[in-house]
Amino acid sequence: MARPKKVLKVILGIIMGVIFSQLFTSTSKFCPSHTVEKSEEVDNKDSLAGKSTPRSKNLLLVGVMTAEQYLSTRAKVVWNTWGQEVPGRMLIFSSENSTSAEIPLVALSGIDDSYPPQKKSFTMLKYMHDNFIDQFEWFMRADDDLYVRNDKLEELLRAIDSRKPLFIGQTGRGTKEERGHLSLDTDENFCMGGPGMIMSRETLKRIAPFIEDCLVNLYTTHEDVEIGRCVKKFAGVSCTWNYEMQVVFYHNKSGNAAYSGNLKTKEVHKAITLHPLKHPEYTYRLHKYIQGLKIQDALQKSILLHRDIAKSMQELGYNMSSLENAMLEKDMPLFPEKKGTNGYLGDTALLGIPASINRYQPRNLTNVLEWELISKTLYSHRDLNPRKRIGSSLKEGLGDVTRELMELINSYSKQRGRVIDFREILYGYWRLNPVHGVDLILDLLLVYRKYRGHKMTVQVRRHAYVQQTFTGTFIREIPNPSATVSKDGNMLDKVINKISNRIGLLPFNRDSQSETVINFLLPLSGRHDTFKRFLAMYEDVCIKNWEATKLHVILFRSSESPSDYNATLSLINSTNHRINANKNQQTINVIDSGVGETFSRASALQKAVNVLSPTDLMLFIDVDIVFDQSFLRRVRRNTFIGRSVYFPILYSLYSPKLLDIELQTYANTSFSYFTSNQTDANRGFWRQFGFGIASMYKIDYQALGGFDIKITGWGMEDVMFFDNIVEKHVYKIIRCVDPGLIHVFHEVKCDSKDLDAEQKSMCLGTKGSTLGSLYSLQTLFEKYRAMFR
């Protein structure tokens with residue numbers, strides 16, 4: 001047994017080396033860069049710039065056709081992105097007067113940038129033939145608005161015999177209007193220029209001597225049609241008559257907006273070339289996404305290798321928990337780098353666990369992972385309302401899973417003469433394991449299409465058991481923004497300002513942003529004791545820390561407690577006197593509602609809005625709220641004039657009666673008191689249905705129509721306002737959990753005569769939901785049921 005074990009150890013050493021290369025080689029390519037020295041010439045075959053691996057350096061020569069006006073934009077972005085990873089080399093061709101020290105440019109003699117670029121295109125092919133025909137197996141003609149997935153292209157080309165005359169691309173016959181006007185016979189076609197065309201060495205050899213003849217015998221203004229005609233006439237081959245080429249050489253018909261939206265589509269994932277990319281920022285965005293897919297693929301391979309290691313080490317008699325110190329040979333540890341170092345390859349004891357629904361073993365009942373049901377909606381035990389919409393993150397995750405499943409299912413579909421299409425998820429179950437990953441059980445409705453032999457189309461249902469395994473935790477340090485300075489100043493500010501200008505935001509500056517004044521708008525009727533707590537909190541967080549804030553209190557005279565008005569006014573005056581004595585200018589502004597006016601939150605907030613300037617930042621707040629400084633930072637960062645409004649999701653405390661807490665203790669002003677045990681599901685909940693706390697600029701509030709001031713009494717005005725923002729699709733709504741914002745419990749009165757039926761229903765729903773958790777209510781029910789038996 002000694003010899004097999006030794007062989008196994010050698011194999012393990014190789015696997016560890018593969019893991020290292022998968023993890024670090026792939027990630028190092030994430031942001032490739034290349035600098036062409038000014039002295040470097042690119043007008044002859046010995047001076048081509050480009051990066052090539054030894055294996056792929058003689059595979060492909062790409063010629064990118066551009067114009068002088070696009071050298072610093074499209075041509076540069078092509079070179080900076082996929083041009084760095086071509087399995088061979090790239091040259092960029094332009095008119096004779098073009099110059100650039102940043103890209104491998106060939107200025108074609110006697111060629112201008114006139115359109116159509118037929119002469120430029122044929123001359124580029126002639127140049128590639130005359131200088132490099134014996135150096136490369138394949139030659140590609142590409143536009144400057146094309147993106148190429150080099151890994152997939154290399155895989156395709158290495159599977160084909162380049163010694164044969166071949167012409168590869170997306171087959172074209174012309175638009176419906178052009179049919180019959182392109183002088184093409186019934187058996188003739190052309191490779192469309194946009195998605196790219198590829199010739200084997202033999203094809204280019206055959207047409208090169210006759211390029212002049214092709215140029216003087218043009219039948220159309222379409223250079224790709226004429227190249228196709230030339231290839232057919234002198235090389236004797238047509239563009240690939242293959243439906244799959246329409247997919248892998250992909251042309252998006254959205255024009256200038258192509259690839260500006262969701263990139264998680266089967267077309268993007270399946271394509272080898274993607275066209276057109278008219279804006280450089282879209283190309284960089286697509287490149288970043290494709291590089292991310294490569295990293296994901298490398299991490300998946302790493303996990304599979306860890307599983308091989310784990311299984312092999314068990315065969316060698318090692319315990320999984322001791323793999324950190326395992327030795328393959330003397331002075332040859334299994335893990336050459338220890339945990340915490342840059343070269344650490346990951347914890348095999350964790351990553352090497354094979355896929356299994358039962359890989360996590362709970363030790364007690366509380367550790368059991370509950371499944372949640374996915375149907376048209378999500379049914380979850382985690383919330384008061386078990387039925388809720390499927391969140392965007394889960395929806396995106398399900399889309400990723402189903403797309404990858406279909407890619408796996410169809411990986412051998414061509415050989416089997418069939419294809420299976422995804423239709424929908426009928427239902428499913430999911431659970432999250434914080435250590436291992438996500439488990440999914442999905443019931444899928446698919447469409448089976450057989451196109452060979454006995455052709456058929458039929459719907460089928462299949463169950464899929466999926467595990468999305470977590471990989472290691474990766475930390476990437478970024479330099480201190482204040483230390484990252486360009487010639488023109490702070491680089492980060494420069495980039496953000498450029499983005500802000502493009503999307504219509506005000507220029508961003510960290511110093512000025514931190515000084516943006518937040519105007520608190522607080523409607524108040526009665527509630528003097530609660531206001532004392534709020535004012536103490538405001539003074540501790542804002543005034544003592546010299547925060548740029550201003551508090552506007554819209555004060556009503558409550559008929560239920562008339563003395564509260566005078567007491568509240570006296571409290572504000574004394575606070576202002578103390579503030580002024582400390583030379584702090586953050587005085588509290590009181591807006592009197594007038595005598596006898598019925599309380600209305602909508603009209604109260606509108607009174608405060610009226611005294612502000614159009615560019616003032618407003619925060620609608622309630623007296624029952626406690627907050628910290630981190631909340632103020634998020635208000636400033638998430639609210640942009642003309643662009644976004646912020647509706648934070650706050651943490652709402654349950655009734656203290658069910659928690660055995662005296663109500664008087666809620667007069668405490670310490671934020672840490674209210675945040676203690678915030679994750680305890682029995683103490684409070686994240687109030688996803690509340691929209692009363694919001695921040696926006698006055699000018700945006702007015703553009704959205706504001707609150708309906710006809711609404712009186714409790715609620716409704718915030719919900720209607722939020723719905724109005726959603727319907728208009730003008731402003732981005734930033735809605736997320738804010739850990740610096742807490743709603744303290746208070747009794748809700750729903751018996752007011754001012755409430756209409758819908759308001760009363762919402763009021764009773766809120767009152768019921770804030771009483772306590774399901775566990776607390778169930779415990780209370782069981783307690784009283786036992787008492788009355």
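You'll find the structure just up there.
The text that follows walks through the structure, step by step, so that each part is easy to find. Bear in mind the structure is a predicted one, so any value in this text is a computation, not a measurement.

**Details of the side chain of Asp-145**
- With respect to the secondary-structure elements, Asp-145 resides in the loop between strand 4 (138-143) and strand 5 (147-148).
- Beyond its immediate chain neighbours, meaning those up to four positions away, Asp-145 contacts Leu-274, His-275, Pro-276, Leu-277 and Lys-278.

**Focus on the sheet that holds strand 32 (residues 737-743)**
- Taken in spatial order, the four strands line up as 26-32-28-29 in an open sheet, and their pairing is mixed. Of all strands in the sheet, those with a lone pairing partner are strand 26 (625-627) and strand 29 (684-686), marking the two edges. Sheet twist, expressed as the mean angle between neighbouring strand axes with direction ignored, is 35°.
- Where strand 28 (residues 649-653) meets strand 32, three bridges bridge the pair, whose relative direction is parallel. Bridged to Tyr-651 within strand 32 is Ile-742.
- Contacting strand 26 and strand 32, helix 19 (residues 629-638) crosses the sheet at an angle of about 125° to strand 32.

**Observations regarding the state of the cysteines**
- One pass over the full model with this rule turns up two disulfides.
- The disulfide bridge from Cys-191 ends at Cys-239, spanning 2.0 Å between sulfur atoms. Since a negative S-S torsion denotes a left-handed disulfide, the Cys-191-Cys-239 link at about 100° is right-handed. Here Cys-191, found in strand 8 (residues 190-191), pairs with Cys-239, found in the loop between helix 7 (223-234) and helix 8 (244-248); they are 48 residues apart in sequence, far enough to count as distant. Considered together, Cys-191 and Cys-239 belong to a single accessibility category, that of buried residues.
- Residue Cys-214 pairs covalently with Cys-230 via a disulfide, S to S 1.9 Å.

**So, the packing of aromatic side chains**
- Scanning all chains against the criterion turns up 20 aromatic pairs.
- Note on Tyr-701 and Phe-721: the rings are 5.6 Å apart at their centroids and 55° apart in plane angle, and the pair reads as tilted. Of this pair, Tyr-701 sits in helix 21 (residues 698-703) while Phe-721 sits in helix 22 (residues 717-728), and the two are 20 residues apart along the sequence.
- Tyr-701 sits in the buried class, given a relative accessible area of 1%.
- Clustering of aromatic rings is evident, with ring pairs tying together Phe-93, Tyr-127, Phe-132, Phe-136 and Phe-139.

Rules used in this analysis
Residue indices follow the written sequence of each chain, beginning from 1 at its first position. Only residues with pLDDT of at least 70 get local features here, since the model is predicted, and only at 80 or more are side-chain atom pairs given and counted; chain-wide, interface and lining totals rely on the full set of residues. Hydrogen atoms and water are omitted, and side-chain values are computed over all heavy atoms in the structure. Every helix listed is a DSSP run of H or I at least four residues long, and every strand listed is a run of E at least two residues long, numbered separately from the N terminus. Any two residues whose heavy atoms approach within 4.5 Å are treated as being in contact. In this analysis, strands are considered paired if DSSP registers two or more bridges between them. As a rule, the C-alpha atoms of each element are fitted with a line to give its axis, helices using only the stretch in contact, and angles between N-to-C directions run from 0 to 180 degrees. When the sulfur atoms of two cysteines come within 2.5 Å, that pair is taken as a disulfide. When a residue's accessible area, from a 1.4 Å probe over protein chains only, is under 20% of the maximum for its type it is buried; when over 50% it is exposed; and in between it is partly exposed. Aromatic rings from Phe, Tyr and Trp, with only the six-membered ring used for Trp, were paired whenever their centres fell within 6.5 Å, and each pair was classed as stacked if the ring planes differed by under 30 degrees, edge-to-face if by over 60, and tilted otherwise.

By themselves, these are just geometric observations and shouldn't be taken as functional.
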